[in-house]
Every structure is written in structure tokens, then in C-alpha cells.
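# Coordinates in review
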Amino acid sequence: MIADPSEVGELIERYYRNNALLVSQILEETKKEESVKQAEEETLTTEQLAGDILAGDMDEGRIKQLVDLILRNAYKERASDIHFECYEKEFRVRFRIDGILHDRESPGPSLRAPVLTRLKLMAGMDLAEKRIPQDGRIALRIEGKTLDFRVSALPSIHGESIVLRLLETASVMRGLEEIGFLPENVRTFNELIRKPNGIILLTGPTGSGKTTTLYSAISLLNTVDTKIITVENPVEYQIEGVNQMQVNDEIGLTFAQGLRTILRQAPDVILVGEIRDKETAEIAVTAALTGHLVFSTLHTNDAPGATTRLIEMGVAPYMVCSSLQAVIAQRLVRRVCKECREFYPATPVEITEFGKDPDLFRDVMLVRGRGCDYCSHTGYRGRTAIHEIMIMTDEIRDMVMARRPSEVIKVLAREQGMRTLREDGWEKVRLGITTSTEVLRITQGDVA
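Reference entry: report on the structure contained in this document. Model, not experiment: these values are computed from the prediction.

For the rest of this paragraph, the subject is the sheet that holds strand E11 (residues 293–298). The mixed open sheet is built from 7 strands, whose spatial order is E9-E8-E10-E11-E7-E12-E15. Each edge of the open sheet carries a strand with a single partner, namely strand E9 (243–246) and strand E15 (380–391). This sheet shows a mean twist of 20° between the axes of neighbouring strands, independent of strand direction. One ladder, built from 4 bridges, connects strand E10 (residues 269–272) with E11; its direction is parallel. Its bridge partner lying in E11, isoleucine 270 is registered against valine 294. Sheet strands in contact with helix H8 (residues 183–192) are strand E7 (198–203), E11, strand E12 (324–336) and E15, and its direction is about 60° off that of E15.

What follows is the structure in C-alpha cells.
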């Protein structure tokens, strides 16, 4: 029968795991070679040993193959980040999969230097510089796809720590439903992004999927009659038909300077990677008030907190009220594994933690994952987003003008229909998308 190539590849990987075996074989062979070499080096003088290293005694081809296989395995396991960490007696490799770090078979400490050198070489970094942080990028072709890895090198007391962030363009070109927006939120979001002007802010911690949501919005608006310009640090994904500018603080090209220049280009839609200071905030507000639709991100715990954060930055309350259209808070939760999911009756404690009446939901069936090979025995595979969308109504604007605390604004927003992160998570729990444990873990600071 006809099957999708990706499904066939996934099954081959699940049952054979050839690359993982290759990595193990390479490491085993390298360890054997090193043990022999170590015995030989014990009789060498310092000068002779230094000469051997400079002569390239380490097998460069083997190191290159090992690094490539680690990157390929990370992609096959859907890792978002690869961590190479140096400790006193250990060289550790970890993959972040669905937001959780997992140990993977690591090269020995003696392979630390050649592996890190290979990564820095691939990323175009200065090999001699180990005292200051460096950034770079790696382009690698895997299974017919060109993948980008954003690379960050950080000096530590036992050597450099290198983290690779996997950037796959296909992951940001998703529909709103794929991201995790419920039907009601899809309608709301579509209305918001088609406003003629104003600011739409996304809030959440690093790694909460804000970039994916913003790029999905930009993709929906990316038509021949709309001029879209972005200013980012760095440009993570390149989108056809969108003018993208990368911030460079070393030459004075800051978010504020880039945004000020963008306004002279007569755009319809502007995306500012992050509002991090008063100057950027004020220029973004001015752009919104002069007929532009502005998207940006801000680091706050919830949607109502964005208004007070802008005022604390130094933006006048009346300008916040006039320019801000909506704030969307977002978090990522793990999806229940579709292969080993099972239903069970909700307990009164679970229902109470979501702020619901146990008597009204006593017959609700929830889901959890037992753990299987498909999900690496975690019970989860993949992630989805939960959202909190606060629309700026006249009543909320009055509260912002009066500088009321974000907690008071949140109470009013909920009265006007805003669903909190935990409440949105509860809806996804009831739909069997995720577990109550996962939502409660991610929304610990949220009000039930």
C-alpha cells in the first residue's frame, strides 16, 4: 500500500535506529583507539606530545562523521536544541525534546576539544577565541531538507559550552489551528491581525513559541499588496516576500534605530523582534498611531501585565491606551502520545486545581500516556500552545489610564470573556490533547 515517506522513515528509525548504532560504534572505536594512544602517550615527552597534536594525529574524518551524526540524530528525534557541555571530568551531550532535556550518549572528555573545534569551524566562529561568547550558524542538509542551526558558544571554567538551536522553516509556516489556537481564538486572532493599525503584543518566556505565532500571522498577511518589514535579532527564519533586517549592536544598528529607519520605507505591517527599552517602545507606539500594524514581543508572565510593563518602561499611559489593540500570552505544553494514550476519570483534586466544581465535572474523562517506544516512554510526543488573549476594551483602557495594577485589570478582562492560560489549558485537557499534570506544571503561577 502507498505510505507517506515521512511515516516510512519514522518507522525505520523507530525499529532500526541505524544512526544511533553508528554513533555508538564510532564512539566505541574511538575509545579503543584512545586507550592505545593513551598508553603510548605515557612514554612521550611534553614536546613530542605537542608535536603529535599539531601534526593532526586525531582522525579529522572520524570527528566530522561523529558530529554530523549527532546533529542528524537530533533532527530525527525532533530536538529543538542540542547542548554540548564541558565539566571537569565529563563532556555531556543533551537534546531538548518537547521542552525537556534528555541525556544522549556522549563522547569521552578527550574528544571535547576536537568536537567543539569542529562545531565552531562549521559555525564560522573564531577557533582561537575561547574567552568571550560567540554566535554563528550552521547549514546542514538532512533527508533532502536544508536545516539551519543557530549556534551559541559560551566560555565556562572547564571549556566552552555550545548550544545549537534547530531552525526549520516548515515549523513556522503553520496554520493557527496547528499552533494550538482553539476555533474561538482563531476567529479572534484573524480579526486582530487584519486591523489597519495598532500594536499586537505576544508575551511569554524564551522558547514559548512566540516567533512561530508571529511568523504565522505574517504569513497570513504576506500578499502582493502588503509591504511587510521586520527588524529582528537575529533573523531566525527567512520568508519570501518579507523584508527582514537583522539588528547589529556592534555597528549601532539597534532595534530602535532599525525601527526608525523602517518607518521611512512606507510599510503596512512591521514586526519588531522584541520591545526591550523605552526608545523602542515609544517608536513602536508612534508607528502604530501613524497607521501601521505592529507586531512585537514582550517578557511578562501574563497578558494584562504587558500594559503595566510598557508604562514602567516610560511610555505614557495615554499612548499605551491609544496604540495597543491586544496582548496574547502564550506557553507550550506537551501533547499526549497518540500511540499509548489512555482515558481515566478525572479526580476531584484535578478538577479543583483548575478552579472548577468537581460535582459539575465528575463524569469527565481525561487522558494520559502510558509510555511506549513511539514517545520514548515519556507519554508525550510533540507540543501545542495554550493562549490568553486580552482585547483592549474601553473599560480596560480606562484602567490603564488610571494606572491600575495588572491583577485588577486581569479580573476585569476575565469578566469580559478573557480565558486565562490555565483555563485555555483546561479546554485542551478536556479535548484529550494534553494532560492536566502538564498544564498545571506550565501554569503554576496562574490563577485558577
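A few words on the side chain of lysine 210. Among the secondary structure elements, lysine 210 is positioned in helix H9 (residues 210–221). Those residues within four positions of lysine 210 in sequence are excluded, and the remaining contacts are Leu202, Thr203, Gly204, Pro205, Thr297, His299 and Gln330.

Spatial strand order, E3-E2-E1-E6-E5-E4: 6 strands in an open sheet with antiparallel pairing. Strand pairing shows two members of the sheet lacking a second neighbour, strand E3 (100–104) and strand E4 (134–142), which therefore form its edges. Geometrically, the sheet is characterised by an average inter-axis angle of 25° between neighbouring strands, direction not taken into account. Two strands pair when backbone bridges link them, and E4 and strand E5 (residues 145–156) are joined in this way by 9 bridges, in the antiparallel orientation. Bridging across to E5, aspartate 135 finds its partner in serine 152.

Of all 12 residues that make up E15, 10 are buried, and the element is covered over most of its length. Across 10 bridges, E12 lies against E15 in antiparallel orientation. Bridging from a neighbouring strand, valine 327 pairs with methionine 390 of E15.

Our next topic: the pattern of salt bridges. Applying the stated criterion to the full structure yields 22 salt bridges. Two residues, arginine 414 and glutamate 423, come together in a salt bridge whose shortest N-O distance is 2.5 Å. The salt bridge partner of glutamate 438 is arginine 441, with a shortest N-O separation of 2.8 Å. Here the residue glutamate 438 and the residue arginine 441 both occupy positions in helix H18 (residues 436–442), the gap between them amounting to 3 residues, near one helical turn. For glutamate 438, a relative accessible area of 2% gives the class buried. In the salt-bridge network here, residues are joined through shared partners; they are Glu184, Arg419, Asp424 and Lys428.

This brings us to the packing of aromatic side chains. Under the criterion given, the structure shown has 4 aromatic pairs. Here the aromatic rings of phenylalanine 181 and phenylalanine 189 are separated by 5.0 Å at their centres, their planes lie at 35°, and the arrangement is tilted. With a relative accessible area of 3%, phenylalanine 181 lands in the buried category. Taken together, a centroid distance of 5.5 Å and an interplanar angle of 85° make the contact between phenylalanine 361 and tryptophan 426 edge-to-face. Taken together, the residues span a long stretch of sequence, with phenylalanine 361 in the loop between helix H14 (348–353) and strand E14 (365–369) and tryptophan 426 in helix H17 (residues 421–430) at a distance of 65 residues. On the basis of relative accessible area, phenylalanine 361 is assigned to the buried category, the value being 16%. Of the residues examined, tryptophan 426 reaches a relative accessible area of 1% and is grouped as buried. Ring pairs connect the aromatic residues Phe354, Phe361 and Trp426, which therefore count as one cluster. Over the aromatic face of tyrosine 380 sits the side chain of arginine 334, whose NZ or CZ is 4.0 Å from the ring centroid. Geometry around tyrosine 344 places arginine 368 over its ring, the cationic atom sitting 4.2 Å from the centre.

With that out of the way, let us pick up the nonpolar core. Counting 44 residues, the largest nonpolar core has Leu201 and Met390 as its most contacted members. Examining the composition of this core, we find that 6 residues originate from one element, helix H11 (residues 278–289), more than from any other. Residues contacting leucine 201, with those up to four places away along its chain left out, are Ile275, Ser296, Thr297, Leu298, Ala306, Leu310, Leu324, Ala326, Val327 and Ile328.

Basis of the calculations
- Residues numbered from 1 in each chain as written.
- Predicted model: local features only at pLDDT ≥ 70, side-chain atom pairs only at ≥ 80, totals over all residues.
- Heavy atoms only, no water.
- Pairing = 2+ DSSP bridges.
- Helix = DSSP H or I, 4+ residues; strand = E, 2+ residues; numbered from the N terminus.
- Axes fitted to C-alpha atoms, helices over the stretch in contact; angles between N-to-C directions.
- Contact = heavy atoms within 4.5 Å.
- Buried < 20%, exposed > 50% of the residue type's maximum accessible area, 1.4 Å probe, protein only.
- Salt bridge = Lys/Arg side-chain N within 4 Å of Asp/Glu carboxyl O.
- Phe/Tyr/Trp six-rings, centres within 6.5 Å; stacked < 30°, edge-to-face > 60°.
- Lys NZ or Arg CZ within 6 Å of the ring centre and 35° of its normal.
- Core = buried A, V, L, I, M, F, W, Y, C linked by side-chain atoms within 4.5 Å.

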